[in-house]
Amino acid sequence: MNHQAKGLFITLEGGDGSGKTTVMREMEQLLKEQGVDFISTREPGGIEIAEKIREVILNPQHTAMDARTEALLYAASRRQHLAEKVEPSLERGITVLCDRFIDSSLAYQGHARGLGIEEVLKINLFATKGRFPDLTFYLDIEPEVGLARIAAGAGREVNRLDMESLHFHQKVREGYHILAGMYPDRIKTIDASRSQEEVAAEIRGHLYAAIKEILA
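So, a few notes on the structure that sits alongside this text. (Residues numbered from 1 in each chain as written. Predicted model: local features only at pLDDT ≥ 70, side-chain atom pairs only at ≥ 80, totals over all residues. Heavy atoms only, no water.)

Right, let's get into the packing of aromatic side chains. The description of an aromatic ring pair uses the distance of the two centres, along with the angle that the planes make with each other. Taken as a whole and judged by the stated rule, the model has five aromatic pairs. With a centroid separation of 6.1 Å and 55 degrees between ring planes, the pair formed by tyrosine 108 and phenylalanine 168 is classed as tilted. Taken as a pair, tyrosine 108 in helix α4 (residues 102-112) and phenylalanine 168 in helix α7 (residues 166-182) lie far apart in primary sequence, 60 residues in all. Taken as a pair, tyrosine 108 and phenylalanine 168 share a single burial class, namely buried. (Phe/Tyr/Trp six-rings, centres within 6.5 Å; stacked < 30°, edge-to-face > 60°. Helix = DSSP H or I, 4+ residues; strand = E, 2+ residues; numbered from the N terminus. Buried < 20%, exposed > 50% of the residue type's maximum accessible area, 1.4 Å probe, protein only.)

Written out as structure tokens, the structure reads:
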């Protein structure tokens, strides 16, 4: 097993149905092959307190939830997850793969909900003490395609955000495109409409380049 001074914080972003689960497995496989110590986690969730907040946020019955309440709950979940699981792992030299992080809040609540990216960024900077991922993969796909994939996927949980209109999901994608322009060095935009093999190959290339520096 290789030893590194500090782990990398790598996040995966994308609209619903963009294929994040498949890509996460590919990233895990590459890190295993390279002997990198890592953990996989998700947002909202990853630890007990944050998973309970997830249940509140995504419950299909909670249609009365105000947009600011939603943004604050995501930030609260993120803080606990970061303090209890992500930061301690990184400090021990363990790389962290996380399904969604701050960019989700900026795209979904900041842009799609109309709260403003800068406004949502402020509460998240408070929650994270300014912590951003080292590298983010954004899986870009037209919402119509992503939602069709979800509809075809038997057994997948249907959460409150799945019930939103197509227009909402189009605004989410628009938000991600804005973020990719704001953070071009951190966010790698991946065309997720291609085959799984093509997407996986591009991800592996970027990921290998990132971890080369921590491999001793």
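Having seen the model, we can carry on.
The strand order across the open sheet formed by five strands is β2-β3-β1-β4-β5, and the pairing between neighbours is parallel. Strands at the two margins of the open sheet, each flanked by one partner only, are β2 (38-42) and β5 (187-191). When strand polarity is set aside, the average angle formed by the axes of neighbouring strands in this sheet is 20 degrees. As paired elements, β2 and strand β3 (residues 95-99) share five bridges and run parallel to each other. Considered in β3, the bridge of serine 40 is made with leucine 97. Packed onto the sheet, helix α1 (residues 20-33) meets β1 (9-14), β2, β3 and β4 (135-140) and runs at close to 170 degrees relative to β3. Helix α8 (residues 196-211) rests against β1, β4 and β5 of the sheet, and its axis sits at about 160 degrees to β5. (Pairing = 2+ DSSP bridges. Axes fitted to C-alpha atoms, helices over the stretch in contact; angles between N-to-C directions. Contact = heavy atoms within 4.5 Å.)

All right, on to the pattern of salt bridges then. Per the stated rule, a full pass over the model turns up 14 salt bridges. Here glutamate 87 makes a salt bridge to arginine 131, at a shortest N to O gap of 3.1 Å. With glutamate 87 in helix α3 (residues 67-91) and arginine 131 in the loop between α5 (117-128) and β4, the pair connects residues that are 44 residues apart, well separated along the chain. On the basis of relative accessibility, which here comes to 22%, the residue glutamate 87 falls in the partly exposed class. According to the relative accessible area criterion, arginine 131 is buried, its value standing at 17%. A salt bridge links arginine 173 to aspartate 140; its shortest N-O distance comes to 2.9 Å. (Salt bridge = Lys/Arg side-chain N within 4 Å of Asp/Glu carboxyl O.)

Here the focus is the side chain of threonine 41. Within the secondary structure layout, threonine 41 lies in strand β2. Polar contacts involving the side chain of threonine 41 include one to the side chain of lysine 85, which spans 3.4 Å. With near-sequence residues (within four places) excluded, threonine 41 lies in contact with Met24, Gly46, His81, Lys85, Val96, Leu97, Cys98 and Asp99. (Polar contact = N/O pair within 3.5 Å; in protein donor to acceptor, adjacent residues only side chain to side chain.)

As for its placement among the helices and strands, serine 18 is situated in the loop between β1 and α1. Within the structure, the side chain of serine 18 is placed 2.8 Å from the backbone oxygen of glycine 15, a separation counted as a polar contact. Not counting residues within four places of it along the chain, the set of residues in contact with serine 18 comprises Leu139, Ile141, Arg149 and Ala192.

Quick look at helix α6 (residues 143-152) now. For α6, the full list of buried residues reads Pro143, Gly146 and Ile150. When α6 is viewed along its axis, its buried side chains cluster within an angular range of 70 degrees and face the same direction. Counted as exposed and oriented over 90 degrees from the buried face of α6: Ala151 and Ala152. Buried positions along α6 lie against α7. (Arc of directions from axis to C-beta.)

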